[in-house]
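So you can see what is in the structure, the chains are spelled out below.
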Amino acid sequence: MSRIGKLPVNLPAGVTVEVSSDNVVKVKGPKGEMSQKVDPDITVSVEGKEVKVTRPTDQPRHRSMHGLYRALIHNMVVGVSEGFTVQQELVGVGYRVEVQGQIVIFNLGYSHEIHFQLPKEVKAEAAAVKKGQNPVLVMTSCDKQLLGQVAAKVRSFRKPEPYKGKGIKFVGEQLRRKAGKSASAK
């Protein structure tokens, strides 16, 4: 039995889950509404304040989908009840970020600004910068998959380089640093 798949998903107060006849799971909560199509072989049932995911056999295909769909449903429940947050730090002299509605404007040392349109499900804000601190972009959403995809796209604008660590990195991320050139002693 899958260690992840066999765990029931507990529903917090204010969250409802519906499973339609064509195996589409809809989750509603205070932060939004999400849905996920589940493979027809996997059975999803709502029992009181718990959602249970079961599989018909121990075939490798069913075993892999069992844990996957349980994790996706759990992420939807957490997303509509609490939401997810990603913080990214811009490390570099003159690197700035500005949020205007759903458009994020980056100054990352290039000859031009980068204007990035956020999906409507993602909200962003630029944390206030104190003197001597790096700018931080804070993005929130109820969809964990979409938030991770947007964060990866933002990071791709200027990945952290290994010598000085300049670029866009996640807050708290440990970067592998390389030693630079050293003068040889003769």
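Here's what I pulled together on the structure shown here. (Residues numbered from 1 in each chain as written. Predicted model: local features only at pLDDT ≥ 70, side-chain atom pairs only at ≥ 80, totals over all residues. Heavy atoms only, no water.)

Some points on the environment of Gln-87
Its place among the elements puts Gln-87 in strand 7 (residues 84-91). Here Gln-87 falls in the partly exposed class, since its relative accessible area comes to 38%. Those residues within four positions of Gln-87 in sequence are excluded, and the remaining contacts are Val-136, Leu-137, Val-138, Lys-169, Phe-170 and Val-171. (Helix = DSSP H or I, 4+ residues; strand = E, 2+ residues; numbered from the N terminus. Buried < 20%, exposed > 50% of the residue type's maximum accessible area, 1.4 Å probe, protein only. Contact = heavy atoms within 4.5 Å.)

Looking at the packing of aromatic side chains
Tallied over the entire structure, the rule returns two aromatic pairs. Between Phe-116 and Phe-157, the ring centres sit 5.5 Å apart and the planes meet at 75 degrees, which makes this aromatic pair edge-to-face. One end of the pair, Phe-116, is in strand 10 (residues 114-117); the other, Phe-157, is in the loop between helix 2 (144-156) and strand 13 (167-170), with 41 residues separating them in the sequence. Overall, the relative accessible area of 15% leaves Phe-157 in the buried class. Site record: aromatic cluster; members linked through ring pairs are Phe-106, Phe-116 and Phe-157. Note that Arg-158 overlies the ring of Tyr-110, its terminal NZ or CZ placed 4.2 Å from the centroid. (Phe/Tyr/Trp six-rings, centres within 6.5 Å; stacked < 30°, edge-to-face > 60°. Lys NZ or Arg CZ within 6 Å of the ring centre and 35° of its normal.)

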